[in-house]
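# Breakdown of the fold
What follows is the residue order along each chain.
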Amino acid sequence: MSSLFKKSRKVKIDGKNYIMAFDMKSVVMFQEITGKTFTNAMPELFAGVDFIILGFLGATLRPENKPKEPVGKAIFKEFDVLGLLLNQGNDVTALIAESLPKSDTKKQ
């Protein structure tokens, strides 16, 4: 059985150090922010729906000195959302790809 593996990426936003960590806490936070489950929102995330991307960033972005505390809904108040959308999109896609479970089965 596979599970969501915690992966993280270091990012610098407005001169401050953050990590983007995708784990089960992020999944719960994502639903609190967006009102959608992560699996149901994945197509919108990959389609580039702004609110969903920002929700994912809010759920995964954490100050480097507080790696267990996602910024949550503060993403909409304390950050330049346009800057995030323009600059962090590749980090979002890469983090998701790295975090999803890999198949244990081999082709025969």
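Residues numbered from 1 in each chain as written. Predicted model: local features only at pLDDT ≥ 70, side-chain atom pairs only at ≥ 80, totals over all residues. Heavy atoms only, no water.

## Side note on the overall build of the protein chain
Heads up, the rule is: In DSSP terms, a helix is any run of H or I states spanning at least four residues, a strand is any run of E spanning at least two, and both are numbered starting from the N terminus. When accessible area is computed with a 1.4 Å probe and restricted to protein chains, residues below 20% of their type maximum are described as buried, those above 50% as exposed, and intermediate ones as partly exposed. Residues are treated as being in contact if the distance between any of their heavy atoms lies within 4.5 Å. Note that accessible areas follow from Shrake-Rupley with a 1.4 Å probe, and for residues the cover is restricted to the protein chains shown.
Helices and strands together make up the secondary structure of the protein chain, namely 6 helices and 3 strands. Each helix and strand of the protein chain, ordered N terminal to C terminal, gives the series β-β-α-α-α-β-α-α-α. In the protein chain, which comprises 108 residues, the proportion classed as buried is 39%. Counted over contacts in the protein chain with a minimum sequence separation of 6, partners at least 24 positions apart contribute 58%. In the form shown here, the protein chain has an accessible surface area of approximately 6800 Å², with 53% of it arising from carbon and sulfur atoms.

## So, unusual backbone geometry
Phi angles above zero are rare outside glycine, and Asp14 is one such case at about 50°. Counting through the fold element by element, Asp14 comes out in the loop between β1 (7-13) and β2 (16-22).

## Regarding the side chain of Gln88
Our working definition: We call two N or O atoms a polar contact when they sit within 3.5 Å, provided that within protein one can donate a hydrogen and the other can accept it, with sequence-adjacent residues counted only if both atoms are side-chain atoms.
Tracing the backbone shows Gln88 in the loop between α5 (81-87) and α6 (89-99). The class for Gln88 is buried, based on a relative accessible area of 8%. There is a polar contact of 2.8 Å between the side chain of Gln88 and the side chain of Asp91. With near-sequence residues (within four places) excluded, Gln88 lies in contact with Val11, Lys12, Ile13, Leu57 and Gly83.

## Considerations on the pattern of salt bridges
Side chains carrying opposite charge are able to pair once their charged atoms draw close together. The cut-off we apply is this: A pair is scored as a salt bridge if a Lys or Arg side-chain nitrogen falls within 4 Å of a carboxyl oxygen belonging to Asp or Glu.
Counted under the stated rule, the structure contains 3 salt bridges. For the salt bridge of Arg62 with Asp23, the shortest nitrogen-to-oxygen distance reads 3.0 Å. On the criterion of sequence distance, the pair formed by Arg62 in strand β3 (residues 61-63) and Asp23 in the loop between β2 and α1 (24-34) is long-range, its members being 39 residues apart. Classification of Arg62 by relative accessible area gives buried; the value is 1%. A salt bridge links Glu44 to Lys36, with the shortest nitrogen-to-oxygen separation between them at 2.7 Å. For Glu44, a relative accessible area of 24% puts it in the partly exposed group.

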